[in-house]
Structure formats: structure tokens, C-alpha cells
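# Summary of structural features
Below are the chains, spelled out letter by letter.
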Amino acid sequence: MSTHVEVLVVGAGISGVGAGARLRAAGVRDFLIVEAAGDFGGTWRANTYPGCQCDVPSRLYSYSFAPNPRWTRVYAHQPEILAYVRRVADTYGLREHTRFGVRVTEARWQPGPARWLVRTDAGEFTARFLIAGAGPWNEPLVPDVPGLDRFPGEVFHSARWNHAYDLRGKRVAVLGTGASAVQFVPRIVPDVARLHLFQRTAQWVLPKPDHHVPRAERWAMGHVPGARAAVAALEYRVMEALGHGFRRPGLMRGVQAVARAHLRATVRDPALRRKLTPDYTIGCKRILFSNHYYPALTRPQVEVHAAAVRAVDGSTVRGADGSCAEVDAIILGTGFHILDTPLAGLVRDGTGRTLADHWQGSPEAYLGTVVAGFPNAFLLLGPGLGTGHSSAFAILEAQLDLVLGAITAARQQSWAAIEVREEVQSVYNARLQAALAGTVYNSGGCRSYYLDANGRNSFSWPWSTGRLRSEVGRFDARDFVLTDDTGVRDGTRRGSSPTLPQEHQLP
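Computed from a predicted structure; not experimentally measured. Residue numbers here run from 1 along each chain, matching the order of that chain's written sequence. Where local features are concerned, this predicted model is filtered to residues with pLDDT of at least 70; where side-chain atom pairs are given and counted, the filter is 80 or more; whole-chain, interface and lining totals use all residues. Heavy atoms throughout the structure, all of them, feed into the side-chain values; hydrogens and water do not.

Assigned secondary structure in the protein chain consists of 14 helices and 21 strands. We take the radius of gyration over the C-alpha atoms and set the globule estimate at 2.2 Å times the residue count to the 0.38 power. Here the protein chain has a C-alpha radius of gyration of 23 Å; the compact-globule value for 507 residues is 23 Å, and the two agree. Its C-alpha atoms give the protein chain principal-axis dimensions of roughly 70 × 55 × 45 Å. Accessible area is worked out with a 1.4 Å probe on protein chains only. A residue is then buried under 20% of its type maximum, exposed over 50%, and partly exposed in between. Here the protein chain holds 507 residues, and the buried ones make up 57% of them. Whether two residues touch is decided by their heavy atoms; if any such pair falls within 4.5 Å, the residues are in contact. A separation threshold of at least 6 residues defines the contact pool for the protein chain, and within that pool the share at least 24 residues apart is 72%. Here, Shrake-Rupley sampling with a 1.4 Å probe gives the accessible areas, and only protein chains in the shown set may cover a residue. For the protein chain, the accessible surface area stands at approximately 20,700 Å², while carbon and sulfur atoms represent 51% of it. Secondary structure is summarised from DSSP: a helix means a run of H or I of at least four residues, a strand means a run of E of at least two, and numbering begins at the N terminus for each.

Below, the structure is given as C-alpha cells:
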């Protein structure tokens, strides 16, 4: 016996909470959020490593319909962000719409009844619409290192931090030097006896303009009309200026000079500085921000190995350059399954083919949100929407405008199914890839997680955040094949954009 709802949302992180809030505001009450974990929060629930912090200004890293004037830092730490997400969920009454401890094992479109059949470890659900909000920072990436599974000491990923393991006095190997490692390494260095940092690729690191927000400033953000919006607008312009450089790599020379000066000022040892100097244009890989990472690497108990790990032999970690380290613990700062997300292997079309089967290693969607062959289904924070400078909330909210526009139109027009036209998706993605060719993401001389298994950039958005909001955040029925409740598919591009109810606009 299955449970039927009009809308099923998978995941209760920032995407799922945002979707739930917007559904309620649009007057949709028959929806359910399913979440494998025990509470809201998503990546901010899972990542509890020391020093976990946002690298986007806090005022931009929030829902526009739920501004938070109480951020205590310019760049909020994990506990504060998690508390904010949960507070929004409770404000919009989402607990009554959420089932925790429910893991999706398969979601399959059923053409006959025009609904989704979703199998979970807690039973079956059917839904008219499916919103996939698991996100790309969901499944930790554990590298395939020979011998790692036989290491006799402690091994854990930064996204599954083992707080019960005492690092004091231990010899520790850290694999990876990305956004997580740049935050936790400075926090654990004072405690460990020895830290071996294995760096496959050097990263550009900029100083972080972070500070505690005084109580008076927080009061002003909440009580002085326009104060919070003015500061957020200034921060937005600064971030967009950086994004402009990403689209015109020649402009990144100035930013790269700042990063190089930051490295020179904090790392005096020429040999170590050479190890930490990247050989690609800044922005080609995700830019890191830290005031503490470089100083931590200069401490006497730290050794930087400018090489990937080749193998683990007993308690010895061996680098590809022949270096080795005897350690008691290994911490993996190796990121996530960004473009090969496990959800792609679970969502099936009406013939049984998965998203992964359709993509063949190169994820693509129309406006990063809908995929041909998968009616009534929406991906949040999907392919081709990532930027190196703007907030995930800005991307998410544009998508939610599209999703709610589609659902509202389907309800008003009695459409049983809406499916993006294959030719529309193909033309859009050809345009996207052509625009990416000249960006620093593609031409900066590095190999990043932006590039998929086929060497194609399936992650990045090549234009401004303003364009993302206007282009992604609009549902146009002409881009879709529409099936009415009698099963007749309309191939004449009929239909119009929906008239949204007044409550669709959140306070």
C-alpha cells in the first residue's frame, strides 16, 4: 500500500526547506519531504568538522523570504547556519510535512497514471510531482587508494567527522586541500604531534574579510530600514565583480596578484612557497578563502607533500612522488560526488532508464532544473548552475520560481504531465557549453570538479547571477510538451505562463 501526495520532495537541506516553504506559500498543502537523516540541515547538518564555515557572506547566504539580521559573523560558522535553516523550517511548519529516516531507493515515472512511484526503505509513495533536493554536496567522495581499506588506524571523511577520536598527540595524514581542508587543518594543527598534508594540486587562497559582527551592527540590521539590504547589495556587487573576471580570464591577473601577495606575506620559506603556488589561473578551480591556512602550514610539526597519495601500506601513507609518512589517522578532505551524484542512478524514466543512463557521464538539464524524458520532475541545484562567486540560495530561489511556476500552471490548466522538449534542452545546453569555452573554468589550465568524466564542464553557469535569476526563474509553457488529463500530448506549444496566486510571494 503506497501513500500518495501531490508533491514529494527528496532531501531536507536548504533545497528541501526552500521548496517546502515556497510550496506552502503557493497554497500547496499536499506535499511531503523525505529525508534520510534525522533532522533538517543537509550539508550543514552533516559537516561538523572543526572550523566549518561559509565562504559566501552570511547576508547573501540566506533565503530572500527569510532574511536573518542576527548573523554574528560576516561569514557564518556551521552551527549558526544550521540553526538558521532549522528555524526557517519551523517557521513555515515543515516538520508536519517531513518524514525523517526515510532513504529513497528508486523513483520511477509511471506514464499511465502520470505519477511518480518512489520506493524507500520505509515503504512506497506516489506523487504527481517529484522535486529532487538532495544537492551535489551530499555524498562524500572516498578516493580509491590501494590499501586504504586495510589501514589499521582511524580513517574518516571531513563530512563524517569522528568527534569521538582524540587527535591530540597523533600523527595525522590529510588527503586533499580543498574548501574543507583549508578550514579544518588550521584548527587541528595545534593538537597533533605531526601533520602530513598530501596536496595533489596547489590551491589559490585569498585572505578572508571575516570578523565578528558587533551587537550594535546586528541591531541596525534588524531595525534600521534598508540597512541590511544596503550592505547585502554592496557585498553582492563585490561578488559579481569577481564573477565578471571568471568570464574574462584576463581580468583575473589582479586577483591572482592579491593571492600571490597573500602567500608571500604568510609563507617565508621559498621551498614551501613553491609547493603552495598553483600553476593555473585563479578561478579555474574553486577559490579558497582563509587567513589561517598558510600560517598553519608553516608550523614545525607540518609537512606538505606536493603529491597525491599513491598507496597506503599498513600505517605508511605513500605519495606519488616517493615520499611517505607513518601515521595514526587519515582524514579525507576529498570532496563529494558532485557530478556523479548517486541520485542519478535511482531516478528512472517510464522505460526504466536512469538519469545516469541518459547522461552517460555528462549531466545536463534545461535551465539546470528539468530533463527531457522525466516529466513532472525537478532537480534543485542541478547541472550547469554552479558559480564560483555567488550564493547557492540565489541559484535555488531562481529554480524555485521555475518549479512553482510549472506546478501552478499544471494545476490551473489541468495538465497531467509537463516535460521539457528535447530540442529545447539540446539548444540550451549547446549555448551553455559555447559560453563556457571562454571562461576561466574551462580555459584556466587546471582539472577541477567542474569537469565531468568526459572532460565536459557540467557544473558551471557562464553568465551573471542577474541573468541566472531572470533566465532560470521563469516558466514558459512553450518550452514543454504538455499532456492533459485525458492523456493527449499537445505538440503545438500551447499554453502560457501561469497566473500565480497572491500568496506565492513570500514575506
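Here, the term nonpolar core denotes a set of buried Ala, Val, Leu, Ile, Met, Phe, Trp, Tyr and Cys residues that are joined through side-chain atoms within 4.5 Å. Within the largest apolar cluster, 121 residues are counted, with the highest numbers of intra-cluster contacts made by Y63, I131 and V174. Ranked by the residues each element gives to this core, the list is headed by helix α11 (residues 392–413), at 13 residues. Beyond its immediate sequence surroundings of up to four residues, Y63 is in contact with G13, I14, V17, G18, Y84, V88, F393, L396 and E397. Counting residues in hydrophobic clusters, the runner-up holds 28 residues, among them A107, V118, L130 and A132.

Quick look at the sheet that holds strand β19 (residues 415–420) now. Strand order in the open sheet made by the three strands is β19-β20-β21, with antiparallel pairing throughout. For this open sheet the edge positions go to β19 and β21 (489–490), each flanked by a neighbour on one side alone. A pair of strands counts as paired when DSSP detects no fewer than two bridges linking them. Judged from the two bridges that link them, strand β20 (residues 480–484) and β21 form a sheet pairing that is antiparallel. Along β21, the bridge assignment pairs L482 with D490.

Any two of the Phe, Tyr and Trp rings considered here, Trp counted by its six-membered ring, make a pair once their centres fall within 6.5 Å; the pair's planes then place it as stacked at under 30 degrees, edge-to-face at over 60, or tilted in between. The final tally for this structure, using the stated rule, is 22 aromatic pairs. An angle of 80° between the planes, with centres 4.7 Å apart, marks the rings of Y61 and F393 as edge-to-face. Residue Y61 is located in the loop between α2 (43–46) and α3 (78–91), and its partner F393 is located in helix α11; the two are separated by 332 residues in the primary sequence. An identical accessibility class is assigned to Y61 and F393; each is buried. One aromatic cluster is present, formed by W44, Y61, Y63, F65, W71, Y84, Y92 and F393 through successive ring pairs. Taking the ring centre of Y165 as reference, the NZ or CZ of K170 above it sits at 5.3 Å. The ring of W463 carries R467 above its face, with NZ or CZ at 4.0 Å from the centroid. In our convention, an over-ring charge means Lys NZ or Arg CZ found within 6 Å of a ring centre and within 35 degrees of that ring's normal.

This brings us to the sheet that holds strand β14 (residues 316–319). Read from one edge to the other, the open sheet built from three strands follows the order β13-β14-β15, with strand pairing classed as antiparallel. Where the open sheet ends on each side, the last strands, each with one partner, are β13 (309–313) and β15 (324–326). When strand polarity is set aside, the average angle formed by the axes of neighbouring strands in this sheet is 15°. Pairing geometry for β13 and β14, over four bridges, is antiparallel. Among the inter-strand pairings, V312 is bridged to a residue of β14, identified as V317. Here, axes are lines fitted to C-alpha atoms. For helices the fit covers the stretch in contact, and angles between N-to-C directions go from 0 to 180 degrees.

Even without glycine at this site, A114 takes up a positive phi of about 55°. Relative to the helices and strands, A114 is located in the loop between β4 (104–110) and β5 (115–120). For S414, which is not a glycine, the phi torsion comes out positive at approximately 60°. Here S414 is to be found in the loop between α11 and β19. The partly exposed category is assigned to S414, whose relative accessible area is 39%.

Attention now moves to the state of the cysteines. A covalent bond between the sulfur atoms of two cysteines is what we call a disulfide. In this description, a disulfide is simply a cysteine sulfur pair whose atoms lie within 2.5 Å. Tallying each qualifying case throughout the model produces one disulfide. C284 shares a disulfide with C446; S-S distance 2.0 Å. Handedness here is read from the sign of the S-S torsion; for C284 and C446, about -100°, the answer is left-handed. Separated by 162 residues along the polypeptide, C284 in the loop between α8 (270–275) and β11 (288–289) and C446 in the loop between α13 (440–443) and α14 (465–472) bring together distant segments of the chain. Residues C284 and C446 agree in their burial class; the two are buried.

A few words now on the packing of helix α1 (residues 14–25) against α11. In the contact formed by α1 and α11, the axes pass within 10 Å of each other and the chain directions differ by 40°. The angle between the axes of α1 and α11 places the two elements in the oblique class. In the crossing of α1 with α11, the sense of the turn from one axis to the other is right-handed. Where α1 abuts α11, its residues I14, S15, G18, A19, R22 and L23 lie against A392, F393, L396, E397, L400, D401, L404 and I407. Each residue is assigned to one class: nonpolar for Ala, Val, Leu, Ile, Met, Phe, Trp, Tyr, Cys and Pro, charged for Asp, Glu, Lys and Arg, and polar for all the others, Gly among them. Classifying every residue of the contact of α1 with α11 gives nine nonpolar, two polar and three charged. Any angle from 65 to 115 degrees is called roughly perpendicular, while one under 35 is roughly parallel, one over 145 is roughly antiparallel, and all others are oblique. If you view the pair so one helix is near and one far, a crossing is left-handed when the near helix is turned anticlockwise from the far one by less than a right angle, and right-handed when it is turned clockwise.

What follows is about the packing of α11 against α14. Viewed as axis vectors pointing N to C, α11 and α14 meet at an angle of 15°, and their least axial separation amounts to 8 Å. With respect to α14, the element α11 is oriented roughly parallel. For the pair α11 and α14, the crossing hand works out as right-handed. Between α11, through A394, I395, A398, Q399 and L402, and α14, the contact on the second element is made entirely by T465, L468, R469 and V472. Its residues placed into classes, the contact of α11 with α14 shows six nonpolar, two polar and one charged.

This next bit is on the side chain of D479. With respect to the helices and strands, D479 occurs in the loop between α14 and β20. With relative accessibility at 13%, the residue D479 sits in the buried group. Those residues in contact with D479 that sit more than four places away from it in its chain are Y366, E419, V420, R421 and V424.

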